[in-house]
Amino acid sequence: MTKKTLTVLHFNPAQKTMEPREYQVPSPPGATVLQALQYIYEELDPTLAFRYGCRFDRCGLCGVMADGKPRLACKTKLATTAQVAPLAGLPLLRGLAVDRVAYMEPLSNLNLYPQGRDTEPLGQLHEDPLHKNLMHCLECLCCVASCPEYKDHEASFGGPFPFVKLAQLHLDPRDETDRRAQAKSMGLDKCSECVKCTCPNGIHLHKAISALQCK
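Residues numbered from 1 in each chain as written. Predicted model: local features only at pLDDT ≥ 70, side-chain atom pairs only at ≥ 80, totals over all residues. Heavy atoms only, no water.

Orientation of helix 5 (residues 160–170) relative to helix 7 (residues 205–212), taken along the N-to-C sense of each, is 60°, at an axis distance of 9 Å. Between helix 5 and helix 7, the angle is such that the two are oblique. For the crossing formed where helix 5 meets helix 7, the hand is left-handed. Between helix 5 and helix 7, the contacting residues are F163, V164, L166, A167 and H170 on the first element and L205, A208, I209, A211 and L212 on the second. (Axes fitted to C-alpha atoms, helices over the stretch in contact; angles between N-to-C directions. Helix = DSSP H or I, 4+ residues; strand = E, 2+ residues; numbered from the N terminus. Parallel < 35°, antiparallel > 145°, perpendicular 65-115°, else oblique. Left-handed = near helix turned anticlockwise from the far one by under 90°. Contact = heavy atoms within 4.5 Å.)

Okay, the pairing of strand 3 (residues 63–66) next. What you see with strand 3 is no split at all: G63 and M65 on one side and V64 and A66 on the other are buried throughout. With four bridges joining them, strand 3 and strand 4 (residues 69–72) adopt antiparallel strand pairing. When the sheet's bridge partners are listed, G63 is paired in strand 4 with L72. The antiparallel hairpin formed by strand 3 and strand 4 contains two residues in its connecting segment, where D67 sits at a positive phi of about 50°. Bridging between strand 3 and strand 5 (residues 83–85) involves two bridges; their strand directions are antiparallel. When the bridges of strand 5 are listed, A66 appears paired with V84. (Buried < 20%, exposed > 50% of the residue type's maximum accessible area, 1.4 Å probe, protein only. Pairing = 2+ DSSP bridges.)

Let's shift gears to the packing of aromatic side chains. One pass over the structure, following the stated rule, counts five aromatic pairs. In textbook terms, an aromatic cluster arises when at least three aromatic residues are bridged by ring pairs, as seen for Y41, F50 and Y52. (Phe/Tyr/Trp six-rings, centres within 6.5 Å; stacked < 30°, edge-to-face > 60°.)

Moving on to the side chain of H10. Considering the arrangement of structural elements, one finds H10 in strand 1 (residues 3–12). Residue H10 is classed as buried on the basis of its relative accessible area, which comes to 3%. For H10, the side chain forms a polar contact with the side chain of Y23, separated by 2.9 Å. Those residues in contact with H10, other than ones at most four positions away along the chain, are T17, M18, E19, R21, Y23, D45, L48 and G95. (Polar contact = N/O pair within 3.5 Å; in protein donor to acceptor, adjacent residues only side chain to side chain.)

A few words now on the sheet that holds strand 4. Taken together, the five strands give an open sheet; going across it, the order is 2-1-5-3-4, and neighbouring strands pair in mixed fashion. Pairing within the sheet leaves two strands with one partner each, and these edge strands are strand 2 (17–26) and strand 4. In this sheet, adjacent strand axes meet at a mean angle of 35° when their direction is disregarded. Of the pairings in the sheet, the one linking strand 1 to strand 2 comprises ten bridges and is antiparallel in character. Note on strand 2: the bridge partner recorded for L6 is Y23. Where helix 1 (residues 33–44) meets the sheet, its contacts fall on strand 1, strand 2 and strand 5, and the angle it forms with strand 2 comes to roughly 95°.

For helix 1, every residue scored as buried is listed here: V33, L34, A36, L37, Q38 and I40. As for helix 1, its buried residues are in contact with strand 1, strand 2 and strand 5.

Turning our attention to the state of the cysteines. In total, this model carries zero disulfides according to the counting rule given. C62 provides the cysteine sulfur closest to C59, a residue in no disulfide bond, and the two sulfurs are 5.0 Å apart. The closest cysteine sulfur to the non-disulfide-bonded C194 is located on C147, 5.8 Å from its own sulfur. (Disulfide = S-S within 2.5 Å.)

The subject of this paragraph is the pattern of salt bridges. This model, assessed by the stated rule, comprises six salt bridges. Between K165 and E139 there is a salt bridge whose closest N-O contact spans 3.0 Å. Pair noted here: K165 is in helix 5 and E139 is in the loop between helix 3 (129–134) and helix 4 (142–145), with a separation of 26 residues, a long-range link. For K165, a relative accessible area of 11% gives the class buried. A salt bridge links D172 to R174, with the nearest nitrogen and oxygen atoms 2.9 Å apart. Three or more residues joined by partner-sharing salt bridges are found here, namely E19, R21 and D45. (Salt bridge = Lys/Arg side-chain N within 4 Å of Asp/Glu carboxyl O.)

Honestly, that's just the spatial picture; any functional story needs more than this.
Following this line, the structure appears as structure tokens:
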């Protein structure tokens, strides 16, 4: 079987450094980066820490930097990838694992769930094409890793992710909270002219931001 060299940057929490390690991994046609990470963990290096879910297109846990770009490991082809690293800009735990709890906790005060009237028929919720698109957000945080304005531990600006969630609710007819005001308090103005964030799952990040801008 064909093999290739994959470099994985491990975060060492004791030294607070990134340690590159090279692995020879099987590279059959169609193999993904996630399959390579699983092989490394099971056959070569059980110290490798990384996350993944059940791989049914709703987990979003396997976000990594693949050759410097935020990608979902389960959708990234191994054949075209040379280096894997943790998602950029996010708090790190060890290996490739980022601290999702530390990132999400400051967002809890936004109450990111529908609040208000609950009498709207559920069938009406997906009539808006943008709302339907935003509901496919996997919460992988790749958009945050692609954001040049986001800085870890900066509670006043959470990057694009909270704006996707706030736009979902802004377009939800059941929700009565002023999501535009919340977005402004979270630093929406930083996103107005940047448009450099990206989503590997096709979420319309810039349209979500535009929907929250006050007219």
